[in-house]
Amino acid sequence: MPAETFVITLDGPAGAGKSTVAKSLAKRLGVTYLDTGAMYRALTLKALRLKMDMSDEEALTTLTRNTKIVFKEMPDGSLNVTLDGEDVSVAIRAPEVTNNTFYVARVAGVRSLMVAWQRQIGQGRSIVTDGRDQGTVVFKDARYKFYVDADVEERAGRRYRELIAAGKTVTLDQVRTDMLERDQKDFNRVVSPLKKAPDAITVDSTGLTVEGTVDKIMKLIQL
Ligand code: DC
């Protein structure tokens, strides 16, 4: 009989450390890491390249239906995102993409296709998945649900250092303002807004390293 599979969800606002924590947690557990934000980013990249009208929800849904987003496992264990066969792992982190994901993430038709793909990826294998709606919508029956948060200054500082390290010219004030704006969009959108699932455990990563946060989660789970 195949071993029983499990899903662990990590939701939370930008900059809380979700994706690095989720990636490291998956590695420690020897399971697949699913970066659902990368899927919305890849679709946004495609829409921007096609110069689409970002307010045309029907066109964005049709675009999703005609797009193939696949995760490819690399020799170092990381997952590279491919968009219609092209590796877009770096391109999807561009600020222009970050600032436009909101348009695709708010469309119900887009989200329902994304949700179906995400459930398909979780089919028959154990995963650690991160996003905004993983515990509330996509994997309601997940074995463990976490809501990862950190205080605003720390989240803005992390994002700022990431951007500086990537050679971008930004100020901490600008990064904080953009981040708070994105948070508001995630919290307030009509379809699948970011919220803590009633049965999720809050993990505050303020003052903790990635590995410190993973240690904290590891102490809370029994698989
Ligand atoms: O986690 P991230 O910054 O890579 O997410 C990119 C965008 O996608 C962000 O605007 C929120 C959105 N998103 C979402 O709506 N649902 C998810 N499950 C994951 C991300």
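Going by the structure above, here's the rest.
Residues numbered from 1 in each chain as written. Predicted model: local features only at pLDDT ≥ 70, side-chain atom pairs only at ≥ 80, totals over all residues. Heavy atoms only, no water.

**Side note on the packing of helix 2 (residues 36–49) against helix 6 (residues 108–121)**
Part 1 of the argument: It is at 11 Å that the axes of helix 2 and helix 6 come closest, and there the two elements cross at 135°. One way to sum up the angle between helix 2 and helix 6 is to call them oblique. Helix 2 and helix 6 meet at a crossing whose hand is right-handed. Residues Thr 36, Met 39, Tyr 40 and Leu 43 of helix 2 lie in contact with helix 6, whose contacting residues are Val 110, Arg 111, Met 114, Trp 117 and Gln 118.
Part 2 of the argument: For the contact of helix 2 with helix 6, a count of residues per class yields six nonpolar, two polar and one charged. (Axes fitted to C-alpha atoms, helices over the stretch in contact; angles between N-to-C directions. Helix = DSSP H or I, 4+ residues; strand = E, 2+ residues; numbered from the N terminus. Parallel < 35°, antiparallel > 145°, perpendicular 65-115°, else oblique. Left-handed = near helix turned anticlockwise from the far one by under 90°. Contact = heavy atoms within 4.5 Å. Nonpolar A, V, L, I, M, F, W, Y, C, P; charged D, E, K, R; others polar.)

**With respect to the site of the ligand**
Part 1 of the argument: In the neighbourhood of the ligand, 15 residues make up the surrounding shell, with Arg 41, Thr 101, Arg 111, Arg 132 and Asp 133 lying closest.
Part 2 of the argument: Between the ligand and Arg 111, the relevant distance is 2.8 Å, taken from an oxygen atom to a side-chain nitrogen or oxygen of the residue.
Part 3 of the argument: Within the contact set of the ligand, a nitrogen atom lies 2.8 Å away from a side-chain nitrogen or oxygen of Asp 133.
Part 4 of the argument: For the ligand, whose unbound accessible area comes to 440 Å², protein coverage reaches 94%.
Part 5 of the argument: For the shell around the ligand, the elements supplying multiple residues, two or more each, are helix 2, helix 5 (101–105) and helix 9 (172–188).
Part 6 of the argument: Per-element tally for the shell around the ligand: the top contributor is helix 2, with four residues.
Part 7 of the argument: Of the residues contributing to the shell around the ligand, the split by class is two nonpolar, five polar and eight charged. (Near = heavy atom within 4 Å. Polar contact = N/O pair within 3.5 Å; in protein donor to acceptor, adjacent residues only side chain to side chain. Areas by Shrake-Rupley, 256 points an atom, 1.4 Å probe, with all protein chains shown as cover.)

**Details of the packing of aromatic side chains**
Part 1 of the argument: Tallied over the full model, the rule gives two aromatic pairs.
Part 2 of the argument: When the ring of Tyr 144 is compared with that of Phe 146, the centres are 6.4 Å apart and the planes differ by 20°; the resulting orientation is stacked.
Part 3 of the argument: Owing to a relative accessible area of 18%, Tyr 144 belongs among the buried residues under this scheme.
Part 4 of the argument: Here Phe 146 falls in the buried class, since its relative accessible area comes to 1%.
Part 5 of the argument: Of note, Lys 185 hangs over the ring of Phe 102, and the distance from its end group to the ring centre comes to 4.7 Å. (Phe/Tyr/Trp six-rings, centres within 6.5 Å; stacked < 30°, edge-to-face > 60°. Buried < 20%, exposed > 50% of the residue type's maximum accessible area, 1.4 Å probe, protein only. Lys NZ or Arg CZ within 6 Å of the ring centre and 35° of its normal.)

**Section: the sheet that holds strand 6 (residues 127–131)**
Part 1 of the argument: Strands sit in the order 2-6-1-7-8 across an open sheet of five strands; the sheet is parallel. Each edge of the open sheet is held by one strand with a lone partner, namely strand 2 (32–35) and strand 8 (201–204). Direction aside, the axes of adjacent strands within the sheet are offset by 20° on average.
Part 2 of the argument: Note: strand 7 (residues 144–149) against strand 8, four bridges, orientation parallel. (Pairing = 2+ DSSP bridges.)

**Let's talk about the packing of helix 1 (residues 18–29) against helix 10 (residues 210–220)**
Relative orientation and spacing of two packed helices are given, respectively, by the angle between their axes and the distance between those axes.
Part 1 of the argument: At a minimum axis separation of 9 Å, helix 1 and helix 10 run at an interaxial angle of 55°. Regarding the angle of helix 1 to helix 10, the classification is oblique. Considering the relative orientation of helix 1 and helix 10, their crossing is right-handed. Contact residues: helix 1 offers Thr 20, Val 21, Ser 24, Leu 25, Arg 28 and Leu 29, while helix 10 offers Val 210, Glu 211, Thr 213, Val 214, Asp 215, Ile 217 and Met 218.
Part 2 of the argument: Here the residues of the contact of helix 1 with helix 10 sort into seven nonpolar, three polar and three charged.

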